Amino acid sequence: MPPTAEPTQVDHRATYREVLAEPRFRLLFSTRAVAITADALRITTFSVLVFSSTGSALLSAVAFGIGFIPQLSGSLLLGSLADRLPPRALITGGYALTCATALLLAVVRMPVAASLGVVALVSLATPVFHGASSRLVAQSLEGDAYVLGRSLSNIASAGAQLFGLALGGAAVAALGPRRALAVSAVLYLGCALAIRIRLPRLQPGESGGTPGSAGGDGGAVRASLQSAVLLLRGRTVRRLMLAQWLPVALVAGAEGLIVAYAGERRFAPGWYAVLMGCLPVGMLVGDLLVGRFLRPRTRERLVVPLVALAGLPLIGFAAEPGVGVTSCLLLISGLGYAYGLGLQRPFLDALPHDGQGQAFGLLGSGSMTLQGVGPVCLGTAAAAGTGTGGAVALAGGAVVLTAGWILTWHPAVCPRTSTPQNPAMDLSSTPPSAP
C-alpha cells in the first residue's frame, strides 16, 4: 500500500446518505431509536407507578435509576457473550426480555421491592445485546462512515428520549401507568420481530466476534472478567474510555440539579422543563454540525476544545444567573458533547478484533453507571454547603480539568487508517499504568 494513500483514507469525509444506505445499519439504527423511545416511556412510567403506590419521592427516584447502575456489573460478568453468541439471537432476545419485563410490570401487581429487583436483574443483560448491536454497526460501517453512524445514533437517541418522555406523559394521562407500560412492551415487541425477520443469521465469526459456546473454555463469567481486565490494562483503551465517561457523567450530574436550581432561584413554574431541554437541544445541534461539516482529522483536533466547551459554561452557574442566561449556558454546554465524535475512530482502532462486543458493552454500561452516580455526588456537594449553583460550577471545573488531562495524551490527528495492524497484540503488550 503506498504511503500516500493513508492521509486520504484517514481524512475521507462520509455523508449521512452513505451511512443510511447500509441496510444492516439502517435496521439496527431504526429499531434502536424505537427501543430508546420505549425505554424513556417505561422508565418514567415505572417511576410514576412506584410513586403512586408508595408516595415516596426516594423510591420513585430509585425506580427511575434502577436500570442503569447494575449495567456495569452485567458488562463485567457477562460481556463476553456479545462476542461469543450469534448476534441476531442476542439482540432479538434482548428486546424480547425487555418486552416481557414491561409486560410483567404492567400486568402483575408485585411488591415494590420485587418490581425493583426484576428491573435491576434484567438490566444486567442489557450490555450484552447492546454490545452485540454496536459490534455489528462497527462491522457494517468503515472509516468515517462509522463515526457518522455514531453521530446519527446520538442525534436519534436525544430525539427519541425527548419523544419518549412526552409519549410517557400523554400515555399515563390517557391510559394510566400500567397500560402505559403495556404500550412500551408493544414497542419492544416490534423491535424484536423486526430484528428476527430482517437481520441475517450470522455466526459470531462472520460478524467479527469469536465463535464458541456461552461457556467457552472457562465459563462466561470468567471469560468476561478476563476480557474486561485485558481491555482496561491497555493504556490507550483505558484512557479513551475514561475520556468518554467522565465529561458526560459530570455534565449529567449538573443536569440532575437543574430542578433544584430552578426552585432555589424561584423561576416561574414550568421553566425547569425548558432548562432541562436546553442541554439535549445543544447536543443535537453540536452532533449535527460537527458530524456533517467537519472532516475526520478536524474532529479529532477539536476533542479537547469541545470538552472544555462542555465545562466552561457550567462554571458560570457560580454567579447564579437568571433564567435567560442559564438557558444559554446549558445550550452552549450541550454543543460540547460532540467531542465524542473525535474519539470514535481512535477507540475502534484500539480494540481487539475479537472483543469489540464486550468493549462496546463496557463503554456503554460504564457511562450509564457513572451518569447515575454523578447526580448523587453533586447533590451531596450541594447539600454540604456549596449550593446548587456552586455544585454545578464545580462539575464544570472538573470537566475543564478533564480536558486538560486529555490534552496531555490525545494526539491532534489520529495517524491510523481504518484497518489497525494488530490491536489485540497492542493491548496485551501494554503494561498496566496510570491513566
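To keep things clear, this report deals only with the structure shown in the data block. (Residues numbered from 1 in each chain as written. Predicted model: local features only at pLDDT ≥ 70, side-chain atom pairs only at ≥ 80, totals over all residues. Heavy atoms only, no water.)

### Points about the overall build of the protein chain
Definition in use: Helix and strand definitions follow DSSP, with helices as H or I runs of at least four residues and strands as E runs of at least two, each counted in order from the N terminus. For every residue, the accessible area obtained with a 1.4 Å probe (protein chains only) is divided by the maximum for its type, and the residue is called buried under 20%, exposed over 50%, and partly exposed between those limits. Contacts: residue pairs with any heavy atoms within 4.5 Å of one another. Methods summary: accessible areas were calculated by the Shrake-Rupley approach with a probe of 1.4 Å, and residue burial reflects only the protein chains presented.
Assigned secondary structure in the protein chain consists of 21 helices and zero strands. Looking at the 435 residues of the protein chain, the share that counts as buried comes to 49%. Long-range contacts, defined here as pairs at least 24 residues apart, represent 87% of the contacts in the protein chain between residues at least 6 apart. Per element, the accessible surface of the protein chain, about 18600 Å² overall, is 67% carbon and sulfur.

### Considering helix α11 (residues 177–198)
What counts is decided by this rule: By this rule, a helix spans an expected 1.5 Å times one less than how many residues it contains. Note that the arc is defined by the directions from the helix axis to the C-beta atoms.
The end-to-end C-alpha distance of α11, which contains 22 residues, comes to 32 Å, matching closely the 32 Å that a straight helix rising 1.5 Å per residue would cover. Those residues of α11 that fall on the buried side of the exposure criterion are R178, A180, L181, S184, A185, Y188, C191, A192 and I195. Seen end-on, α11 carries its buried residues on one side only, within an arc spanning 160°. The outward face of α11, more than 90 degrees from its buried face, is lined by the exposed residues R179, V186, I197 and R198. Residues of α11 that are buried sit in contact with α3 (23–54), α7 (87–107) and α10 (144–175).

### Concerning the pattern of salt bridges
This is how it is decided: Within this document, salt bridges are pairs made up of a side-chain nitrogen of Lys or Arg and a carboxyl oxygen of Asp or Glu, the two lying within 4 Å of each other.
Taken as a whole and assessed by the stated rule, the structure comprises five salt bridges. Residue D144 pairs with R299 through a salt bridge whose shortest N-O separation is 2.5 Å. You can see D144 sitting in helix α10 and its partner R299 sitting in helix α16 (residues 296–301), a full 155 residues away along the chain. Judged by relative accessible area, D144 falls into the buried class, the value being 3%. Here R299 falls in the buried class, since its relative accessible area comes to 3%. The residue R345 makes a salt bridge to E300 at a minimum N-O spacing of 3.1 Å. Of this pair, R345 sits in helix α19 (residues 341–350) while E300 is found in helix α16, placing the two residues 45 residues apart along the sequence. Judged on exposure class, the residue R345 and its partner E300 are both buried. Shared partners join several salt bridges into a network, and the residues in it are R32, D39 and R42.

### Examining the nonpolar core
To keep it simple, the criterion reads: Here the nonpolar core consists of buried residues drawn from Ala, Val, Leu, Ile, Met, Phe, Trp, Tyr and Cys, with membership extended through side-chain atoms lying within 4.5 Å.
Judged by nonpolar contacts, the single largest core of 80 residues is most densely connected at I91, Y95, F317 and F347. The element that contributes the greatest number of residues to this core is helix α20 (residues 356–407), accounting for twelve residues. In this structure, I91 is in contact with L28, F129, A132, S133, L136, I195 and L199, ignoring residues within four places of it in sequence.

### Here's the deal with the state of the cysteines
What counts, and what does not: Note on disulfides: each one is a pair of cysteine sulfur atoms within 2.5 Å.
A complete count under the given rule lists zero disulfides for this structure. With no disulfide of its own, C99 has C191 as its nearest cysteine by sulfur position, at a separation of 9.8 Å. The cysteine C328 is free of any disulfide, with C278 supplying the nearest cysteine sulfur at 7.8 Å.

### Structural notes on unusual backbone geometry
For residues that are not glycine, phi is negative in most cases, and the peptide bond is trans in most cases. One non-glycine residue, R266, lies in the positive phi region at around 60°. R266 sits in the exposed class, given a relative accessible area of 77%.

### Focus: the environment of A262
Mapped onto the fold, A262 is located in helix α14 (residues 258–264). The spatial distance from the C-alpha of A262 to the C-alpha of G389 is 9.9 Å, given a sequence separation of 127 residues.

### A word on the packing of aromatic side chains
What counts, and what does not: Pairing of aromatic side chains requires ring centres within 6.5 Å, counting the rings of Phe and Tyr and the six-membered ring of Trp. Pairs whose planes differ by under 30 degrees are stacked, by over 60 edge-to-face, and all others tilted.
Following the criterion strictly, the structure yields seven aromatic pairs and no others. Look at F25 and F29: their rings are 5.5 Å apart centre to centre, the planes differ by 20°, and that puts the pair in the stacked class. You can see F25 and its partner F29 sitting in helix α3, four residues apart, about one turn around the helix. Their ring planes at 65° and their centres at 6.2 Å tell us that F347 and F360 sit as a pair that is edge-to-face. Pair noted here: F347 is in helix α19 and F360 is in helix α20, with a separation of 13 residues, a long-range link. By relative accessible area, F347 is classed as buried at 0%. Grouped by ring-pair contacts, the aromatic residues Y146, F347 and F360 constitute a single cluster.

### Points about a nonpolar patch on the surface
For clarity, the cut-off: To count toward a patch, a residue needs a relative accessible area over 30% and no salt bridge; like charges are then connected within 9 Å, while nonpolar side chains (Val, Leu, Ile, Met, Phe, Trp, Tyr) are connected within 5 Å.
Residues V281, V285, L289, F293 and L331 make up a contiguous nonpolar surface patch of about 410 Å² in total accessible area. The element that contributes the greatest number of residues to the nonpolar patch is helix α15 (residues 271–293), accounting for four residues. Take V285: it is sitting in helix α15.

### Focus on the packing of helix α5 (residues 71–78) against α20
Definition in use: Orientation is described by axes fitted as lines to C-alpha atoms, over the contacting stretch for helices, and by angles from 0 to 180 degrees between their N-to-C directions. Working rule for angles: under 35 degrees goes down as roughly parallel, over 145 as roughly antiparallel, 65 to 115 as roughly perpendicular, anything else as oblique. Helix crossings get a hand from a simple test, with the near helix turned counterclockwise from the far one by less than a right angle marking a left-handed crossing and a clockwise turn marking a right-handed one.
Interhelical geometry of α5 versus α20 gives an angle of 160° and a closest axis separation of 7 Å. When the axes of α5 and α20 are compared, the pair comes out roughly antiparallel. Considering how the two elements wind past one another, α5 and α20 form a crossing that is left-handed. For the pair α5 and α20, contact is made by Q71, L72, S75 and L76 and by Q358, G361, L362, S365, G366, M368 and T369, respectively.

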